[in-house]
Amino acid sequence: MQIFSNANYDFVRWRWHAIALSALLIAAGVALMATRGIPKGVDFEGGTIVIVKFDQEAELQGVRSALSAGMPGGGDAIVQRYGPAENRDVMIRVRRTGEEVEGNLSQEADAVVAALQKGNLGNIEVVGTEIVGPVIGEQLRRQGMMATVLALAGILIYIALRFQLSFAVGAVVAVVHDLAIVMSFLVFFEYELTLNVIAGLLTITGYSVNDTIVVFDRVRENMRAMRRDNLAHIVNVAVNQTLARTLITAGTTVLSVLALFIFGGEVLKGFAFTMLVGVIAGTYSTVFIAAAIAILWQGRKPMKGQAAPPVVTETRRPGRRRAS
Amino acid sequence: MNNIRWKVLTIVGVFIFFFMVGVYPILASRYNLPEPAWLRAQELKLGLDLKGGVHLVLRVHTEEALRTSTMTTGEQLREALQAAGVTIGGVEVLSPTAFRVSGVPQDRDQEFRKLADDVAAANYERSPGAGGAYDFTMRPNIANNMREDTVVQAQQTIDRRVNELGVAEPNISRYGQTNDQLLVQLPGVSEVARAKEVIRSTAQLRLNIVEAGPASTEEALLASSGGKLPEGMEVLSGAGSEGTSFYMVRRVAAITGQDLRNARAEMDEMGRPAVGFSLTREGATKFSRVTGDNIGRFLAIVLDNRVQSAPRIEGRISDQGRISGNFTQQEVADLSLILRSGALPASMSYLEERVIGPSLGADSIRSGVMASLIGLTLVVLFMLAYYKGAGVNAVVALVMNLVILIGFMAYFGATMTLPGIAGFILTMGIGVDSNVLIFERIKEELAAQRGVRAALNASFSRVFLTLFDTHVTSLIAAAFLFQFGTGPIRGFATTLTIGLLTNLFTSLFVSKTLFELTLRRQAATPRLSI
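Residues numbered from 1 in each chain as written. Chains lettered and ligands numbered in written order. Predicted model: local features only at pLDDT ≥ 70, side-chain atom pairs only at ≥ 80, totals over all residues.

J.: Explain the overall build of chain A to me, using residue names and the numbers behind them.
T.: A tally of regular secondary structure across chain A gives 10 helices and 4 strands. Overall, chain A shows an N-to-C arrangement of helices and strands of α-α-β-α-β-β-α-β-α-α-α-α-α-α. Looking at the 324 residues of chain A, the share that counts as buried comes to 52%. Put simply, of all contacts in chain A between residues at least 6 apart along the chain, 79% involve residues at least 24 apart. (Helix = DSSP H or I, 4+ residues; strand = E, 2+ residues; numbered from the N terminus. Buried ≥ 20, exposed ≤ 12 C-beta atoms within 10 Å, placed from the backbone. Contact = placed C-beta atoms within 7 Å.)

J.: Which residues make up the overall build of chain B, and what values do they have?
T.: Helix and strand counts for chain B stand at 14 helices and 19 strands. Taken over C-alpha atoms, the radius of gyration comes to 35 Å for chain B, far larger than the 24 Å a tight globule of 530 residues would show. A principal-axis box enclosing the C-alpha atoms of chain B has dimensions of 110 × 60 × 35 Å. In chain B, which comprises 530 residues, the proportion classed as buried is 44%. Here the contacts in chain B between residues at least 6 apart in sequence split such that 72% fall between residues at least 24 apart. (Rg over C-alpha atoms; globule rule 2.2 N^0.38 Å.)

J.: Can you lay out the domain arrangement of chain A for me, pointing to particular residues and giving the numbers?
T.: Split by domain assignment, chain A resolves into domain 1 (12-40 + 137-298) and domain 2 (47-132). Averaged C-alpha coordinates put domain 1 of chain A and domain 2 of chain A at centres separated by 38 Å. (Domains from an automatic or database assignment.)

J.: Residue-level account of the sheet that holds strand β6 (residues 134-138) of chain B, with values.
T.: Whether parallel or antiparallel, the strands of a sheet pair through hydrogen bonds between backbone atoms. Residue and element names in this part refer to chain B. Spatial strand order, β3-β4-β6-β5: 4 strands in an open sheet with antiparallel pairing. Pairing within the sheet leaves two strands with one partner each, and these edge strands are β3 (90-95) and β5 (124-128). The mean inter-strand angle of the sheet, taken between neighbouring strand axes irrespective of direction, is 20 degrees. Sheet topology places β3 next to strand β4 (residues 98-102); 5 bridges connect them, and they run antiparallel. Note that in β4 the partner of glycine 90 across the bridge is serine 102. The strands touched by helix α4 (residues 62-83) are β3, β4, β5 and β6; relative to β3, the strand with the most contacts, the crossing angle is about 165 degrees. (Pairing = 2+ DSSP bridges. Axes fitted to C-alpha atoms, helices over the stretch in contact; angles between N-to-C directions.)

J.: So, the packing of helix α7 (residues 195-225) of chain A against helix α13 (residues 452-484) of chain B: which residues are in play, and what are the values?
T.: Relative to each other, α7 of chain A and α13 of chain B sit at 160 degrees, their axes nearing to 9 Å. Considering their axes alone, α7 of chain A and α13 of chain B lie roughly antiparallel with respect to each other. Judged by the twist between their axes, the crossing of α7 of chain A over α13 of chain B is right-handed. Between α7 of chain A and α13 of chain B, the residues in contact are Ala199, Leu202, Thr205, Gly206, Val209, Asn210, Ile213, Val214 and Asp217 of chain A and Leu465, Thr466, Asp469, Thr470, Thr473, Ser474, Ala477, Ala478, Phe480 and Leu481 of chain B, respectively. Of the residues belonging to the contact of α7 of chain A with α13 of chain B, the class tally is 10 nonpolar, 7 polar and 2 charged. (Parallel < 35°, antiparallel > 145°, perpendicular 65-115°, else oblique. Left-handed = near helix turned anticlockwise from the far one by under 90°. Nonpolar A, V, L, I, M, F, W, Y, C, P; charged D, E, K, R; others polar.)

J.: Break down the domain arrangement of chain B for me, with residues and values.
T.: Examined at the domain level, chain B breaks down into domain 1 (2-46 + 359-521), domain 2 (62-143) and domain 3 (201-347). Taking only C-alpha atoms, the centre of domain 1 of chain B and the centre of domain 3 of chain B are 63 Å apart.

J.: Before we move on, can you summarise the environment of histidine 17 of chain A with the specific residues and values?
T.: Residue and element names in this part refer to chain A. As for its position among the elements, histidine 17 is in helix α1 (residues 15-36). A tally of 10 C-beta atoms within 10 Å means that histidine 17 is categorised as exposed. For histidine 17 and phenylalanine 288, which are 271 residues apart along the polypeptide, the C-alpha to C-alpha distance reads 9.3 Å.

J.: I'd like to hear about the environment of leucine 378 of chain B, residue by residue, with values.
T.: With respect to the helices and strands, leucine 378 of chain B occurs in helix α11 (residues 358-411). Considered as a pair, leucine 378 of chain B and arginine 40 of chain B are 338 residues apart in the sequence and their alpha carbons are 32 Å apart. Ignoring anything within four residues of it in the chain, the contact list for leucine 378 of chain B reads Leu255, Ser256 and Ala259 of chain A.

J.: Explain unusual backbone geometry to me, using residue names and the numbers behind them.
T.: Phi angles above zero are rare outside glycine, and arginine 88 of chain A is one such case at about 55 degrees. Relative to the helices and strands, arginine 88 of chain A is located in the loop between β2 (78-81) and β3 (89-94). Its 19 C-beta neighbours within 10 Å are what place arginine 88 of chain A among the partly exposed residues. Even without being glycine, glutamate 169 of chain B reaches a positive phi, approximately 50 degrees. By the element assignment, glutamate 169 of chain B lies in the loop between α6 (140-165) and β7 (171-175). The class of glutamate 169 of chain B is exposed, set by 11 C-beta atoms lying within 10 Å.

J.: For the interface of chain A and chain B, give the residues involved together with the corresponding values.
T.: If you look at the interface, chain A gives 57 residues, while chain B gives 57 residues. For the side of chain A that touches chain B, the secondary structure elements donating two or more residues are β4 (124-132), α5 (134-162), α7 and α9 (243-263) of chain A. Its residues placed into classes, the side of chain A that touches chain B shows 30 nonpolar, 22 polar and 5 charged. By the bridge criterion, 5 bridges tie β4 of chain A to strand β18 (residues 348-356) of chain B in an arrangement that is antiparallel. Directly across from valine 132 of chain A, in β18 of chain B, lies its bridge partner glutamate 352 of chain B.

J.: If you had to explain helix α3 (residues 60-70) of chain A to someone new, which residues and values would you point to?
T.: Residue and element names in this part refer to chain A. Of the positions making up α3, those classed as buried are Val63, Ala66 and Leu67. In an axial view of α3, the angular spread of the buried residues amounts to 100 degrees, which keeps them on one side of the axis. Looking at α3, the residues exposed on the side facing more than 90 degrees away from the buried face are Gln61 and Ala69. Here the buried face of α3 lies against β2, β3 and α4 (107-118). (Arc of directions from axis to C-beta.)

J.: So what's going on with the packing of α9 of chain A against α11 of chain B? Residues and values would help.
T.: Look at α9 of chain A against α11 of chain B: their axes get within 8 Å of each other, and the N-to-C directions meet at 155 degrees. It follows from the interaxial angle that α9 of chain A and α11 of chain B lie roughly antiparallel. With respect to the hand of their crossing, α9 of chain A and α11 of chain B are arranged in right-handed fashion. The residues of α11 of chain B that touch α9 of chain A, namely those facing Thr252, Leu255, Ser256, Ala259, Leu260 and Phe263 of chain A, are Ser367, Met370, Ala371, Ile374, Gly375, Leu378, Val379 and Phe382 of chain B. Here the contact of α9 of chain A with α11 of chain B is composed, by residue class, of 10 nonpolar, 4 polar and no charged.

J.: Break down the nonpolar core for me, citing the residues and quoting the values.
T.: Soluble globular proteins: nonpolar side chains tend toward being buried together. Val112, Ala171 and Val182 of chain A together with Ala300 and Leu481 of chain B are the most contacted members of the largest nonpolar core, which totals 234 residues. When residues of this core are assigned to their parent elements, the largest contribution, 18 residues, is made by α11 of chain B. If near-sequence neighbours (up to four positions away) are discounted, leucine 481 of chain B is found in contact with Ala147, Ala199 and Leu202 of chain A together with Ile489, Phe492 and Ala493 of chain B. (Core = buried A, V, L, I, M, F, W, Y, C linked by C-beta atoms within 7 Å.)

J.: I'd like to hear about the environment of alanine 284 of chain B, residue by residue, with values.
T.: Residue and element names in this part refer to chain B. The residue alanine 284 is located in helix α9 (residues 281-293) in this model. Judged by C-beta crowding, with 18 C-beta atoms within 10 Å, alanine 284 ranks as partly exposed. Note: C-alpha distance between alanine 284 and serine 474 (190 residues apart in sequence) is 62 Å. Look past the residues within four positions of alanine 284 in its chain and what remains in contact with it is Leu279, Ser318 and Asp319.

J.: Describe the pairing of β7 of chain B, and please don't skip the residues or the numbers.
T.: On any regular strand, side chains alternate: one points to one face of the sheet, the next to the other face. Residue and element names in this part refer to chain B. Looking at chain direction, β7 and strand β8 (residues 181-187) are connected through 5 bridges and run antiparallel. If you follow tyrosine 175 over to β8, its bridge partner there is glutamine 181. Between β7 and β8, which follow one another and run antiparallel, lie 5 residues, and glycine 176 among them has a positive phi close to 70 degrees.

J.: Which residues make up the sheet that holds strand β2 (residues 53-60) of chain B, and what values go with them?
T.: Taken together, 8 strands build an open sheet; the order of strands is β2(A)-β3(A)-β1(A)-β4(A)-β18(B)-β2(B)-β8(B)-β7(B) and the sheet is antiparallel. Each edge of the sheet is formed by a strand with only one pairing partner; in this case those strands are β2 of chain A together with β7 of chain B. Adjacent strand axes in the sheet meet at a mean angle of 20 degrees, parallel and antiparallel pairs treated alike. Inspection of the sheet shows strand β1 (residues 47-54) of chain A paired to β3 of chain A by 6 bridges, in the antiparallel sense.

J.: Please set out the confidence of the model for chain B residue by residue, giving values where relevant.
T.: Within chain B, residue pLDDT values average 85, and 97% of them lie at 70 or more. For chain B, per-element mean pLDDT is lowest for helix α2 (residues 37-40) of chain B, which scores 75, and highest for β6 of chain B, which scores 92. (pLDDT = per-residue confidence, 0-100.)

As structure tokens, then:
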């Protein structure tokens, strides 16, 4: 079996359309983030989560009214089912914690439990709590930003050393593009930013660059055989040559991430969603964005390993098949 | 052809080794298979999110230890001046690292400087101010060392306490980037509130001679000394027979918790639960001198700045004592545990608390394993359908990759977390990608009318470069993830890193060897099913 055995699409020609489409999506995402804000989980904002198991079927509405009756500010609590319905687990989130210093950090958690016990909802068992004070929230937020920026910088430097700067710029723009798309989807589908989602974002960073490098590697290889062609053409040939691989890899990764999304349980849902969107965005950016940016950045400067500047300015003819 | 035999032997050997250390113990404990003890010790460690337990982050208030030190130095200087007959205006603590001596008489300045050098010059900078005042500021390196010591001491103390609580495999380590945070992980602890209290109790014990009191209000207490607190004294409160009582005690303690040799739960003469303690030899010498000098007066037993009781000193006491008060049995047990393990050098506060119940952990394991198996099955089916014969190579390489990954983690004692399982699934994806890269390249080379052998060799040597670059960039991302991560995220980075490394082995070495094996069987006109 073979898909795209003779792939010969002029991807480079569509680069402006692709860039416009991405810009539109990202602009919509940014607008959404600006109006709605980025919802942060307790990991980054601080707050209290209590997960309780009921011994009988509990209506979420009943839990809400027990909270608003039983504790100050209990009406603002977020109440959700946690995991499959037959577990009868309910997650309650309050945006506050007790005082860190001179106080009892778990005060809000205790208040939630007390309110539920008063609420006549049957026996409850606390199966988990997460209390993150504002200090740690701030710390994790800073570290998360730092890790992402440093990882991107590290990757940029590595690619610039192994390939050339224009490729590095292309790869990093592609990654930033993917991250922006994923963030837009996260905000649109109201996923909260948690540690696991950040892990997903960093993984997408690795994945997306991975994907892009395979194409760049092919470009580097082709440059030796196709000295006379201009960069746009060489890139187009490389994207076509690696197209089957790009799609098969994306397909198998989506398969396993989809399994994680559907069967992986509540904790990993955000991670799996991030990965799912990220893999698709990453594949798209590999084909349409990364190389396009590299070509733009390179302009008409000669490439490393290419003696003369490119002869043809802009190619409109369909890409030649393999050069070797 | 001897070459290929060695390769196959290597692969089989590696597989068996990692299967035994990684996968077999899991199967054995699940299906009650025989398992030697040395293998059981190797079993893959599960993180708190899978096993259940308590995850706490504390901040050590290091400035408290600095303030204590500054206060003590100021007090020592005051006493030294008093002994030398130099009258000064007063000593005032300005901040945790600075104190001010005011009203030094002009004519005694020389003498003052000499005494100040003796007492404080080692740790404090002295700068003169107006009107005979001097500011003493702790040297920055001394302050840093003291902060560091305080955190290390707190860590050791918590470690002792947690061990006394009988928690198996606790983890107490430094945390964060501010240098004053500690991470405490206690697997399988159910009495969370008690554990938290035991860990945090400062338990600073001291025994001070009572100068006045008890009195029911602070004013009544100070009435005897003209409404003013005399130098070297302090006022402490504690529970009395009716409401709160106030005591005026000498600031310098007769003995402190550091002089304790042991502490245990016992009964006092009225049959109430109490904590009995015994003193070190040095402590006993001090204590017998102080009690001998003060027979008939009261001795305040002060725990964390609160007077627990103030019995009358009936005679010289050398190395035994008892703390009685209104304690329950449990409180007495915990207090003696805490006193045995030593006081904390400063108080602490909780910044983060996560409690994962065992049932949540079990749910996570179940769904994580389920997702992995389903993902694996889907990927395997796809690879077999798409690549046929070569698909078998990919599947073997994939399974091998996962087995080595589990074995490697078990062997080196890495911890498996829920995000770690996600890392597992991602490793699977990367593993498949490597094989796809190789296979697609082989197809291309075959289409270019090369011989099968030449096509294989060219593909593997070309793809090596690509794989090297993609793996290095992923490793860069994983490294920052590890650096940034707390427990679970770190688990993800660990799994991913090991997975990337094992993947290079399986895709480049195992997969190639399998191709060579198929070619060997059909020596004349080799064909590949791909």
